[in-house]
Protein chains: 2
Amino acid sequence: MEPRISLVTLGVSDIERAHTFYEAIGWKGSSPDGEVWFFQANGLVLGLWDRSKLEADTGTADGGGWGGVTLAYNVSTEAAVDAVLTEAERAGARISRPAARNYWGGYSGVFVDPEGHPWEVALNPHWTLDAAGNVTLP
Amino acid sequence: MEPRISLVTLGVSDIERAHTFYEAIGWKGSSPDGEVWFFQANGLVLGLWDRSKLEADTGTADGGGWGGVTLAYNVSTEAAVDAVLTEAERAGARISRPAARNYWGGYSGVFVDPEGHPWEVALNPHWTLDAAGNVTLP
């Protein structure tokens, strides 16, 4: 198995609200069937799909709420961290951790999308972020 | 906010078991502090970290179990789907959905890693998978 991720699918209860949120923060989505939505990201796809259908399709049992997965979006400056959190909040996200310097030498905060999926927005001085938006470990 | 994901962090209860699993399926991990583990993927990073610490850091409440996020790993042939599922099962994953042709015209199955995080392994004839392992929507 090669080290790569092709798709991250987020289960949602309200697909209209969910895709509208990601469009409001600047992503371009499309839906092949009006039910599942896909957003092209950096070499992978973000998907949105009905949470109970995703649960059944995955063959798992929904614990409800958060299940141990947090996404992150890295930027190059502290001001960009602040700006993205503000943009997400305006689009309907909740800030679960305000931006601050953190113990690992970065600066970050967390927003939670309208469906409960959290994104850390971070400046990580230890990782390389290239012009295409890809990150590389040291 | 640009359409990209920098990091997908999976909360785990047993970090040794967790990083050993991803190493067993062929990923190369490193840990800056012996506590969090990072694996370079295609332009983003897969992270493993103590689930209760990730919960606190995210500012969320753990629902326990699955929380509506399923990752996917795309390959180019049905045989590769079968091979990856077999490899994951040998490394300690549980198959939650055996590989089969599915309603959207692909072929896929799902494994669940030792910490409960599911991966769909899929042949998706509608998406482009390039030599670098990146996927592109039609």
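Presented here is a report on the structure given in the accompanying data block. (Residues numbered from 1 in each chain as written. Chains lettered and ligands numbered in written order. Predicted model: local features only at pLDDT ≥ 70, side-chain atom pairs only at ≥ 80, totals over all residues.)

**Remarks on the overall build of chain A**
Along chain A, the regular secondary structure elements total three helices and 10 strands. The order of helices and strands in chain A, counted from the N terminus, is β-α-β-β-β-α-β-α-β-β-β-β-β. Whereas a compact globule of 138 residues would reach a radius of gyration of roughly 14 Å, chain A reaches 15 Å, a difference of no more than 12%. The C-alpha extent of chain A, read off along each of the three principal axes, is 40 × 35 × 30 Å. For chain A, contacts bridging at least 24 residues in sequence account for 48% of all contacts bridging at least 6. (Helix = DSSP H or I, 4+ residues; strand = E, 2+ residues; numbered from the N terminus. Rg over C-alpha atoms; globule rule 2.2 N^0.38 Å. Contact = placed C-beta atoms within 7 Å.)

**What to know about the interface of chain B and chain A**
Chain B puts 58 residues into the contact, and the matching count from chain A is 57 residues. Broken down by element, the residue count for the side of chain B that touches chain A peaks at six residues, all from strand β5 (residues 69–75) of chain B. A breakdown of the residues in the side of chain B that touches chain A according to their chemical character gives 28 nonpolar, 23 polar and seven charged. Sheet analysis places strand β1 (residues 7–12) of chain A next to β5 of chain B, joined by four bridges and oriented antiparallel. Paired with Thr9 of chain A across the strands is Thr70 of chain B, a residue of β5 of chain B. (Nonpolar A, V, L, I, M, F, W, Y, C, P; charged D, E, K, R; others polar. Pairing = 2+ DSSP bridges.)

**A short note on the nonpolar core**
Val8 of chain A together with Val8 of chain B are the most contacted members of the largest nonpolar core, which totals 80 residues. The residues contacting Val8 of chain B, other than those within four sequence positions of it, are Ile5, Val8, Val69 and Leu71 of chain A together with Leu44, Leu46, Gly47 and Leu71 of chain B. (Core = buried A, V, L, I, M, F, W, Y, C linked by C-beta atoms within 7 Å. Buried ≥ 20, exposed ≤ 12 C-beta atoms within 10 Å, placed from the backbone.)

Bear in mind that shape data such as this cannot, by itself, settle questions of function.
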